[in-house]
Amino acid sequence: MQERVNSLKADLGNGQASIGLWCSLASALTTEVVASSGAGWLLIDSEHSPNDLRSIMAQLQVLGGYPCEGVVRLPSDDAVGIKQAMDVGARSLMIPNIRTAEQARKVVASVSYAPKGARGFSVGHRANAFGRIAGYHGTAREQQLLALQIECETGVANAAEIAAVEGVDALFVGPGDLSTNMGHMGNPGVEPVQTAIASVRAAAARAGKASGILAPVKADADRYLAGGFTMVAVGSDLGLLARGSDALIASFNR
Ligand SMILES: O=C(O)C(=O)C[C@H](O)[C@@H](O)CO
C-alpha cells in the first residue's frame, strides 16, 4: 500500500496557489460538508477551536474520501501534541507563533524520525494505515507539509532564518495575532502590519518556500494572491454559518 500524494504540498511546491477554508466547528459532519466545496485544503483548528485528538481524527477520516488536504493546526509547538496528532493521521501541520529559527528546527525534529529528528516511533497507527504503508517510517516526510505561523514582530524579524530551516515548507501569517502584537488589534489592514506581512512573504520566497495567510475578506484574499501568497484561507465554517444565518434572518426582519 502506498501513501496518498499530498496534493497541497505538490501544488505549493510547484508555486501553484491553493485556496483553503478554516474549519473551527470541531465537527466531522461540517468538515465533510465543506470538503466538496472545491477547496484545496481545510484547516482543522485545535488552537482556537474545541478540537481534540478524536475530533481531529474523525475529520481526517472523512477527508480521506475527498480531494482536499486536511491541515491540522496544533495549539502549540509541543512535541508530544505533534506526535499524537501525526499518529492519528495529521501529515500537513500548522504550528502557531513561531518566533525563531531554533524553534523551527525543534518543530522539524518533532515531525521527523531519527536520525534527523525525534518523532516517537510506533509500528502501527492510522498515519501508516495500521502498518500497511510499506516503508512509511522512511518515507513519511515526503508527504508531510509543515507550515509555521509568523504572528509577532520577532517572527517577522526572523522570517528569513525561519524560512531557511530545512523541512519548513511554508510561512503562514496569522493576521489577527500579528496585528494585535503590533499594537493594531484585529486590524491587519494598517500600513505597518501590511509591510510586515509583505516582508514575511518576501522572506519565504527568497528561501524558495511558500507563504500563506488567512483572509476572510475577498478583496484582501485577491490582493494577497496577486502578491504571491499561495496558501490562502478565504473563510471559515464558523464565519459562513454565523454570518450567513444572521443575514438570512435579518432579510426577513424588515
Ligand atoms: O492570528 C490569526 O489571525 C490566526 O492565526 C488565525 C486565527 O487564529 C483564526 O482562528 C481566525 O480567527
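As the structure is a computational prediction, the values presented were derived from the model and not from experiment.

Student: What exactly am I supposed to notice about the overall build of the protein chain here?
Tutor: The secondary structure content of the protein chain amounts to twelve helices and eight strands. Referenced to the eigenvectors of the C-alpha coordinate spread, the extents of the protein chain come out at roughly 60 × 45 × 30 Å. The burial tally for the protein chain puts 47% of its 254 residues in the buried class. Residue pairs at least 24 apart in sequence account for 61% of intrachain contacts in the protein chain once pairs closer than 6 positions are excluded.

Student: It is not clear to me how the environment of Ser236 should be interpreted in this structure. Could you clarify?
Tutor: Within the fold, Ser236 resides in strand β8 (residues 231–236). Spatially, the C-alpha atom of Ser236 lies 22 Å from that of Gln16, the residues being 220 residues apart in sequence.

Student: I would appreciate a short explanation of the nonpolar core in the present structure.
Tutor: Across soluble globular proteins, you tend to see nonpolar side chains buried next to one another. Leu42, Leu93, Ile95, Leu148 and Leu171 are the most contacted members of the largest nonpolar core, which totals 51 residues. Ranked by residues supplied to this core, first place goes to helix α10 (residues 191–206) with six residues. If near-sequence neighbours (up to four positions away) are discounted, Leu171 is found in contact with Leu148, Ile150, Ala159, Ile162, Ala163, Val200, Ala204, Ala210, Ser211 and Gly212. Judged by nonpolar contacts, the second largest core, of 14 residues, contains Trp41, Val71, Ala170 and Ala210.

Student: Can you help me understand the state of the cysteines in this one?
Tutor: In a disulfide, the sulfur atoms of two cysteines are covalently bonded to one another. As enumerated under the stated definition, the model contains zero disulfides in all. Residue Cys23 stays outside any disulfide, its sulfur separated by 8.0 Å from that of Cys68, the closest cysteine. Taking relative accessible area as the criterion, Cys23 reaches 1% and is therefore assigned buried.

Student: Is there a simple way to explain the confidence of the model for the protein chain in this structure?
Tutor: Note that predicted coordinates carrying low pLDDT should not be read in detail. Taken residue by residue, the protein chain gives an average pLDDT of 97. The fraction at 70 or more is 100%. The complex prediction reports pTM at 0.97, with the ipTM value standing at 0.96.

Student: Hey, could you run me through the packing of aromatic side chains in this one?
Tutor: Ring pairs (aromatic) are described by centroid distance and by the angle formed between their planes. In the structure shown here, the tally under the stated rule is five aromatic pairs. Seen in terms of ring centroids, Tyr113 and Tyr136 are 6.4 Å apart; in terms of plane orientation they differ by 80 degrees. Their pairing is edge-to-face. Taken as a pair, Tyr113 in the loop between α5 (101–110) and α6 (136–139) and Tyr136 in helix α6 lie far apart in primary sequence, 23 residues in all. Note on accessibility: Tyr113 and Tyr136 belong to one class, buried. Taken together, the aromatic side chains of Trp22, Trp41 and Phe172 make up a single cluster linked through ring pairs.

The rules behind the values
- Residues numbered from 1 in each chain as written.
- Predicted model: local features only at pLDDT ≥ 70, side-chain atom pairs only at ≥ 80, totals over all residues.
- Heavy atoms only, no water.
- Helix = DSSP H or I, 4+ residues; strand = E, 2+ residues; numbered from the N terminus.
- Buried < 20%, exposed > 50% of the residue type's maximum accessible area, 1.4 Å probe, protein only.
- Contact = heavy atoms within 4.5 Å.
- Core = buried A, V, L, I, M, F, W, Y, C linked by side-chain atoms within 4.5 Å.
- Disulfide = S-S within 2.5 Å.
- pLDDT = per-residue confidence, 0-100.
- Phe/Tyr/Trp six-rings, centres within 6.5 Å; stacked < 30°, edge-to-face > 60°.

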